[in-house]
Amino acid sequence: MNTTNQKHIAILGSSGSIGTQALEVIASHPEEFCVEVLTVNSNAELLIAQAKKFKPNAVVIVDESKYNLVKEALQLDLIKVYAGEAALSQVVQMETVDIVLTALVGYAGLKPTIAAIKAKKTIALANKETLVVAGKLITQLAQENGVNIYPVDSEHSAIFQCLAGEWDNKIEQIYLTASGGPFLGKDVAFLKTVTKAQALKHPNWTMGAKITIDSATLMNKGLEVIEAKWLFHLKPEQVKVIVHPQSIIHSLVQFEDGSMKAQMGLPDMKLPIQYALGYPNRLKSDFPRFDFVNYPQLTFQQPDLKTFRNLALAYQAMEQCGNMPCIMNAANEVAVDAFLKDKISLLKITEVIEHCMNTILYNNQPDLEDYVEADKMSRIKAFELID
Ligand code: MG
């Protein structure tokens, strides 16, 4: 047990965009937070620098070939060093950890999140794929263990903030806002020609490579629709998407009386990260403030599901439920990775996903092993389609 009032945080994925911004939030609130665990996939140099600054109890480097490098560098700091993927699921269970921030990319977040929930740790969820892949299992497990899952995704944080004080009031529907990404208003002919550099240039948000490509194809919004369904216990038809290119309104809730609440502010991931870690308190920040004069117009339009078919596929996967979102997610992860390696075009990502959804065996009552199997089969099929 911890003896101070500080919340002790484990950050899974501390070298990524969310991880580094979370450390900025923690550094500016030393009386509220301290770092208990840091983990990275392979960026040993950054892990060492972060560990020397934040003095965690333990660190994990998933890439085992870099264990000795990290171990030697941190020897005098008396920080425990572990390596390998299985260590992620172990460090989250440490008694001194209060909150686990899951900022891993993709399916890799699933197992450590399950371990953290079973150890009754509060989850600050930045890894949306976990809920996409196994939302039913995760939400049931959280309920059984009395664990709260606080969203870090900006749209879901917005919904969560709008729901504060409204827990007994029924939601009619929610609107997740989408910037539309760098190719808003473009047609299929244009999408055929786009390069990786163009797709990586998001108009409003600075994010990791995978999520930036997902934003360009609208798959990110598709993943978020499924994430929202599970986080807020909604039916598929209650989750709407509206394109809002300025990214000032981060999402909206409409209640049964027709009233709508929105949460707004400049697009900055540090705010939702800080809200999740500090909940239920709002902590003072010096983030840049919104100025109405700079935004004389906030505009809205329907998403173009014919051009950006990934969002339509995600709605389809959400309706079908079972292992279909898991199949979709695995195919998308493989295809996006191939696009980032210049192996396939942007539009091919959609083809790969659709093909996997149409051919991998559907199961409407999957358990954890079935999810693992569906993920594996979908990846194998996706790789075949790319080569
Ligand atoms: Mg988001």
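About the criteria used
Residues numbered from 1 in each chain as written. Predicted model: local features only at pLDDT ≥ 70, side-chain atom pairs only at ≥ 80, totals over all residues. Heavy atoms only, no water. Donors = N, O, S within 2.8 Å, 3.2 Å for Na, K, Ca; no water. Buried < 20%, exposed > 50% of the residue type's maximum accessible area, 1.4 Å probe, protein only. Domains from an automatic or database assignment. Contact = heavy atoms within 4.5 Å. Buried area = accessible area lost by both parts, 1.4 Å probe. Salt bridge = Lys/Arg side-chain N within 4 Å of Asp/Glu carboxyl O. Polar contact = N/O pair within 3.5 Å; in protein donor to acceptor, adjacent residues only side chain to side chain. Helix = DSSP H or I, 4+ residues; strand = E, 2+ residues; numbered from the N terminus. Pairing = 2+ DSSP bridges. Expected span 1.5 Å × (residues − 1). Bend = angle between axes of the 7 residues up to and from the residue. Axes fitted to C-alpha atoms, helices over the stretch in contact; angles between N-to-C directions. Parallel < 35°, antiparallel > 145°, perpendicular 65-115°, else oblique. Nonpolar A, V, L, I, M, F, W, Y, C, P; charged D, E, K, R; others polar.

## Details of the coordination of the magnesium ion
No. 1: Protein coordination at the magnesium ion comes from Asp153 (OD), Glu155 (OE) and Glu224 (OE), with a distance range of 2.0 to 2.1 Å.
No. 2: One chain supplies every donor for the magnesium ion, spaced along it as D-x1-E-x68-E. This pair shows no difference in class: Asp153 is buried, exactly as Glu155 is.

## Some details on the domain arrangement of the protein chain
No. 1: Taken as a whole, the protein chain is organised into domain 1 (7-151) and domain 2 (157-267 + 289-386).
No. 2: Taken together, the contacts link 21 residues of domain 1 with 27 residues of domain 2.
No. 3: Here domain 1 and domain 2 share an interface that buries about 2,000 Å² over both sides, 70% of which is from carbon and sulfur atoms.
No. 4: Area buried by domain 1 at its contact with domain 2 is led by Tyr107, Lys128 and Val132, which between them contribute 32% of it.
No. 5: Between domain 1 and domain 2 we count two salt bridges in total.
No. 6: Between Glu129 and Lys210 there is a salt bridge, with the nearest N and O atoms lying 2.8 Å from each other.
No. 7: The tally of links between domain 1 and domain 2 comes to four residue pairs in polar contact (both at pLDDT 80 or more).
No. 8: Going through the elements one at a time, helix 1 (17-27), helix 5 (110-118), helix 6 (128-144) and strand 7 (149-151) are the ones with two or more residues in the side of domain 1 that touches domain 2.
No. 9: Broken down by element, the residue count for the side of domain 1 that touches domain 2 peaks at 10 residues, all from helix 6.

## Some points on the pattern of salt bridges
Two side chains of opposite charge can pair, provided their charged atoms sit close to one another.
No. 1: Counted under the stated rule, the structure contains 18 salt bridges.
No. 2: When the shortest N-O distance is used, the salt bridge between Lys270 and Glu24 registers 3.6 Å. On the criterion of sequence distance, the pair formed by Lys270 in helix 12 (residues 270-278) and Glu24 in helix 1 is long-range, its members being 246 residues apart.
No. 3: As a salt-bridge pair, Lys261 and Glu166 come within 3.1 Å of each other at their nearest N and O atoms. Here the residue Lys261 occupies a position in strand 11 (residues 260-264), and Glu166 occupies one in the loop between helix 7 (154-163) and strand 8 (171-178), the gap between them amounting to 95 residues.
No. 4: Residue Lys261 is classed as partly exposed on the basis of its relative accessible area, which comes to 28%.
No. 5: Note on Glu166: relative accessible area 16%, which makes it buried.
No. 6: Connected via shared salt-bridge partners are Lys128, Asp153, Glu155, Lys221 and Glu224.

## Re the side chain of Glu155
No. 1: Here Glu155 shows up in helix 7.
No. 2: When neighbours within four sequence positions are excluded, Glu155 is seen to be in contact with Leu176, Thr177, Lys221, Glu224, His250 and Ser251.

## Section: the pairing of strand 11
No. 1: Pairing analysis gives five bridges linking strand 10 (residues 249-255) to strand 11, with the strands arranged antiparallel. Residue pairing for strand 11: Ile249 is matched across the bridge by Met264.
No. 2: Between the end of strand 10 and the start of strand 11, which pair antiparallel, lie four residues, with Gly258 showing a positive phi angle near 90 degrees.

## Describing helix 6
No. 1: Across its 17 residues, helix 6 extends only 21 Å between first and last C-alpha, which sits more than 12% below the 24 Å expected from 1.5 Å per residue.
No. 2: Along helix 6, the sharpest kink reaches roughly 105 degrees, centred on Ala134.
No. 3: Of all 17 residues in helix 6, 13 are buried; the element is thus mostly enclosed.
No. 4: After helix 6 finishes, the residue Gly146 shows a positive phi value of roughly 60 degrees.

## Section: the side chain of Asn329
No. 1: Counting through the fold element by element, Asn329 comes out in helix 14 (residues 324-340).
No. 2: Residues within four places of Asn329 in sequence aside, it is in contact with Tyr107, Glu129, Val132, Val133, Lys210 and Leu223.

## Focus on the sheet that holds strand 5 (residues 99-102)
No. 1: Judged by pairing direction, the sheet is parallel, and its seven strands sit side by side in the order 4-3-2-1-5-6-7 without closing on themselves. The open sheet has two edge strands, strand 4 (80-83) and strand 7, and neither has a second partner. Ignoring which end each strand starts from, the neighbouring axes of this sheet average 20 degrees apart.
No. 2: Where strand 6 (residues 122-125) and strand 7 come together, three bridges link them in parallel fashion. The residue of strand 7 that forms the bridge with Ile123 is Ile149.

## Observations regarding the packing of helix 1 against helix 2 (residues 44-54)
No. 1: Packing of helix 1 against helix 2 leaves a shortest axis separation of 12 Å and a crossing angle of 10 degrees. Between helix 1 and helix 2, the crossing angle belongs to the class labelled roughly parallel. Along its contact with helix 1, which presents Thr20, Leu23, Ile26 and Ala27, the element helix 2 presents Leu46, Gln50 and Phe54.
No. 2: Taken together, the residues that form the contact of helix 1 with helix 2 break down as five nonpolar, two polar and no charged.

## Some thoughts on helix 12
No. 1: Buried residues dominate helix 12, accounting for eight of its nine residues.
No. 2: Turning to helix 12, its buried residues number three or more, namely Lys270, Pro272, Ile273, Gln274, Tyr275, Ala276, Leu277 and Gly278.

## Considerations on the sheet that holds strand 9 (residues 239-243)
No. 1: The strand order 9-8-10-11 describes an open sheet built from four strands, whose pairing is mixed. Both edges of this open sheet fall to strand 9 and strand 11, since each of them pairs with a single strand only. Looking at each pair of strands side by side, their axes are set apart by 20 degrees on average, direction ignored.
No. 2: Note: strand 8 against strand 10, five bridges, orientation antiparallel. By the bridge assignment for strand 10, Ile174 is matched with Val253.
No. 3: Together, strand 8, strand 10 and strand 11 form the strand contacts of helix 7, whose direction differs from that of strand 10 by roughly 40 degrees.
No. 4: Sheet contacts for helix 11 (residues 219-231): strand 8 and strand 9; angle to strand 8, the most-contacted strand, approximately 155 degrees.

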